[in-house]
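A look at the structure
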Amino acid sequence: MTAEWKRQQITNAQQRIAARIALITFLLMSVVALVTIFFIPDEGKTPIDDYMMPMIALSAGYGYYLARKGKHVRGIYILLGSVALGSVIYPIAVNNIGWQTAIGMLLITTSIANNTLPEKIAGRISMAAFVLAMVIVTIELFSPGIIDFPVTTSSIIATVVLGIVYAGLIFYRFRQFALRTKLVIAFIFSSILSVGAAAFVINFLTLNQLTERVEQQLSGIASLTASSIAAELDKQIDLLRILSQNRIITDELKKHNSTATGDMDEIMRLDQQWRIADSTNNDADPLVQSVLNHTVAEELREFRATAPEHVEIFVTDRHGVNVAATNRTSDYYQADEEWWQVAYNNRAGTVYISQPVVDESSQTLSLQMALPIFENETGEFLGIIRTTVDLEIFAPAFKLGQIGQTGRTEIYLPNNTEIEIEQEPNGEYKILLEEAPADFVTALQQNASFIDTTHEGVPVVAAISPLFRTGDEAADHLAALKNWKVVAIQDRVEALQIVSTATRNAQLVGLGALLMAGMLAVIVAQYLTRPIIRLTEAAEQVSSGNLQARAPVEAPDEIGALAEAFNRMTAQLRETLGSLERRVAERTADLETARLLSEKRAQELQTINEISRIVSSEQRLDVLLPLVTRLVSERFGFYHVGIFIVDETRQYAVLQAANSEGGRRMLERGHKLEVGVTGIVGSVAGSGTPRIALDVGSDPVFFNNPDLPETRSEMALPLNARGKTIGVLDVQSTKPGAFTENDVNTLSILADQVAIAIENARLFSEMQRAREEAEALYEQYIKQEWFAFSKQISKVGYYQSAVSGKPLDAPVENEEIRAALQRGEVVVVEAKNATSHPALAVPVKLRNQVIGVLNIKAPTKNRKWSRDEVNFAQAISDRLALALENARLLYESQRRAAKEQKISEMTAKISTSINIQNVLQTAVEELGRALPGSEVIIQFQNNGDSTGIA
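Below or above, wherever it landed, is the structure these notes cover. The written sequence of each chain sets the order in which its residues are numbered from 1. Local features in a predicted model are, by the rule used here, given only for residues with pLDDT of at least 70; side-chain atom pairs are given and counted only at 80 or more, and totals for whole chains, interfaces and linings are based on all residues. Note that water and hydrogens are dropped before the side-chain values are worked out from all heavy atoms of the structure.

**Here we look at the pairing of strand β18 (residues 724-733)**
Summary of the burial criterion: residues with accessible area below 20% of their type's maximum are buried, those above 50% are exposed, and those between are partly exposed, where the area comes from a 1.4 Å probe applied to protein chains only. In this description a helix means any DSSP run of H or I spanning at least four residues, a strand means any run of E spanning at least two, and both kinds are numbered starting from the N terminus. Of all ten residues in β18, nine are buried; the element is thus mostly enclosed. Strand pairing is defined by DSSP finding a minimum of two bridges between the two strands. Bridge count between strand β13 (residues 640-646) and β18: six bridges; the pairing is antiparallel. From the neighbouring strand, Phe644 faces β18, where its bridge partner is Val728. Across nine bridges, strand β17 (residues 713-721) lies against β18 in antiparallel orientation. Along β18, the bridge assignment pairs Pro718 with Val728. What sits between the antiparallel neighbours β17 and β18 is a turn of two residues, in which Arg722 has the positive phi angle 55 degrees.

Structure below.
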């Protein structure tokens, strides 16, 4: 097996694997390309997916074609080139796809190269793929793609599918890679896992800390803005309360209320006049002029001059009609308005603040505030003052939340609207009331203090603060504004810019560590594998037959120790080869001896099996024992074989069978040995363990037997059955040392089988005797019972002809019936001449006792009885015997039952009497009725005198 042949085999294997990999890639990418083009919508894929997936599929198909043509290296280059090109294009064109692309490319490239290309080329491509993965991640970090990465794309599908397939391929074929490749792959992936895990933990902790900082910043802004807005509202209420306590206003209201009657018809007429003047824009209307030019109106306008945010202020009397106003209002009568009724509060008065609205009179986005006016000394309710406050007062508070480029503060109202500030082109700020985005409103419903969500589809982070918190002093008189939510909001990208920067820095550090780990992996792998490669080359030389080859010892480490051990091994191998032939010959002889012993033992076991099968079928002990001795002597070639049986007293072991001439003489004189005392047989019978005498002359237990003078070796085996020694199998040979422990183990199997056969024969004999005795007793019982039964019945049989039948009062006697009764066999009478009738006499037998005869005469003369007819008659006779026996037993049972019933009735009648005379009288009468015609006397014996009742 030359090195060139090995290289060719490796190349052929790589070519086959390359074809399979290219085909698998072609099929997978074809499916992905079809799904991408026809089934994934545009929003779920990038614009380049429709081109990149088919390109990789086509390159894989062309690579398969080249591999089938024997040009697999070129085909793999084309496939890897298309994968590398796509991996670089994706992070340039698409954002947030670099990491998964780099990992997928590294898995695919490493797997394909190491399974299909030569070792050196595969190592270079693996390192190039590692460097390219670093480049892809760097592009992702410093040059974000033009296109935002969608939630689901075909690139993710392709990367995941191919990554799983090729990762599994690397794992499956990892053991077949070269050692250098294994080390490089192990180092790189260990570095990726360790550095990736460290980077993930650091990034996770940093992200949490920075996110908490952003949350704290936004929460502080939201809380500050809410406090500013609440303070501004308190300020406006305090100003309005001071205005309501103006002396001129209270005095004028007292004067007005003193003359106002509160007549609703008059009030409605004046309200109608006011509305008509309002619709015609008639400012000269006396009613309008009386309100706008009132002394109180002048005070209100002076207040508005100092507080211009109050765009409209007016005062009503205690009946709800306008008394004075800074502007002409839309209504004259105000008591039917919600704000007036809340502020009036059944003369108790309370502060009213409305939700933001567009005021009809001033056409401004404002809040309506109203509070009652009371006389300072008496506390009398005089009327209500209402103002419309422009929401521009919130502009300074809103400006507090303008952090960065996208930071802003908004107020979300319960009716799903929002108040926000907008800067106009002239630089001024304007407060707007807009419809709140549905996605953000949904997030607000979670009632969290900080949320990470979207605002009109833009990712944002936001901190939420209520306008008033529990315990605020303003919470009571501003209860209507408790559901306001002040939100400090900022685009997520800008808010977490510091997080992105920290993440990118952590990734850069991780990339640097991975790059250094990869370079170190290559250097260390080459350094570690160089001596192993040289040692492998030396081993290949030795395997090719060059026993003089030596492995270089480069360092005193484990590899150096292995090289020294290898050199010592080759030296020992050279020494071993010199004596190999001798050792092989010795081993061959040992194997031959073992084979002969195995064959001998197998033959002995087969012989034992045959003997066991023969003796197991014999049930007579007098035949079994001589058969065993003869078979053992013939099959094993023993000089003498004898079987001793321990007697019932367990005092002597008596010889019961033997095959030799001397053994037969011992049988004739009743040879027996004392158990546990005399000879090997006596010793084994007492101990129950086998015994061998290799030289009977020197064994002290041996008993010198003149009937067996040629015996030189003896083996006695116990015959054990049911935990007890019932005898001994004695085997003797004319050769000294003829028996071994293997013979004991082998023949012990035969001894156990013989013991079982002897025990079975004994049990069979005892069972046979017991059965014969039981049958004899039963036959005698049947004979007696039927004899007694025949004396009790008057009908001795039954006669049946073709036309009639009748019972027999006297027995029928003829020649065939007498013969059948005497012989107990079927008697067939054939027709002797034309006048005689053929007949059958079938004995009716029960347990071999003839209890009757079934006599059949043929209806025609000259008839021949067939065998089937005779057998049929015999079967009928057998069933008739059983039926007669059953009938007799039933008759006896009924007779005994009647007897017992009669006795029971007599006993019952006797026991009803308590007088002795009545008892005796009843007994005599009942016995007389039971035995009709009998004379019954009951007599007592007393001192020689007798008395009785008859």
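**What to know about the packing of helix α8 (residues 247-259) against helix α11 (residues 295-306)**
Between N-to-C directions, angles cover 0 to 180 degrees, with each direction set by a line fitted to C-alpha atoms, over the stretch in contact for helices. Contact geometry for α8 and α11: axes closest at 9 Å, N-to-C directions at 155 degrees. Our classification of the angle between α8 and α11 gives roughly antiparallel. Of the two elements, α8 crosses α11, and the hand of that crossing is left-handed. In this structure, α8 uses Ile248, Ile249 and Glu252 to contact α11, whose residues at the interface are Thr295, Val296, Glu299 and Leu300. In this count, Pro and Cys sit with the nonpolar residues alongside Ala, Val, Leu, Ile, Met, Phe, Trp and Tyr, while Asp, Glu, Lys and Arg are called charged and the others, Gly among them, polar. For the contact of α8 with α11, a count of residues per class yields four nonpolar, one polar and two charged. Here the angle decides the label: under 35 degrees means roughly parallel, over 145 means roughly antiparallel, 65 to 115 means roughly perpendicular, and every other value means oblique. Crossings are classed by handedness, with left-handed meaning an anticlockwise turn of the near helix from the far one by less than a right angle and right-handed meaning a clockwise turn. The contact criterion used throughout is that any non-hydrogen atoms of two residues lie within 4.5 Å.

**Quick notes on the nonpolar core**
Buried Ala, Val, Leu, Ile, Met, Phe, Trp, Tyr and Cys residues form a nonpolar core when they are joined through side-chain atoms within 4.5 Å. Formed by 42 residues in total, the largest nonpolar core has its most connected members in Ile229, Leu243, Leu300, Ile385, Phe394 and Ile411. It is helix α7 (residues 179-244) that provides the largest number of residues to this core, a total of seven residues. Not counting chain neighbours up to four residues away, the residues in contact with Phe394 comprise Ile229, Glu232, Leu233, Leu367 and Trp484. Grouped together as the second largest cluster of nonpolar side chains are 31 residues, Ile608, Leu625, Leu631 and Leu747 included.

**So, the pairing of strand β23 (residues 849-857)**
Relative to β23, strand β22 (residues 839-846) is paired through eight bridges, and the arrangement is antiparallel. The residue bridging Leu846 from the neighbouring strand is Gln849, located in β23. Remark: two residues form the turn of the hairpin made by β22 and β23, two consecutive strands paired antiparallel; Arg847 in that turn has positive phi of roughly 55 degrees.

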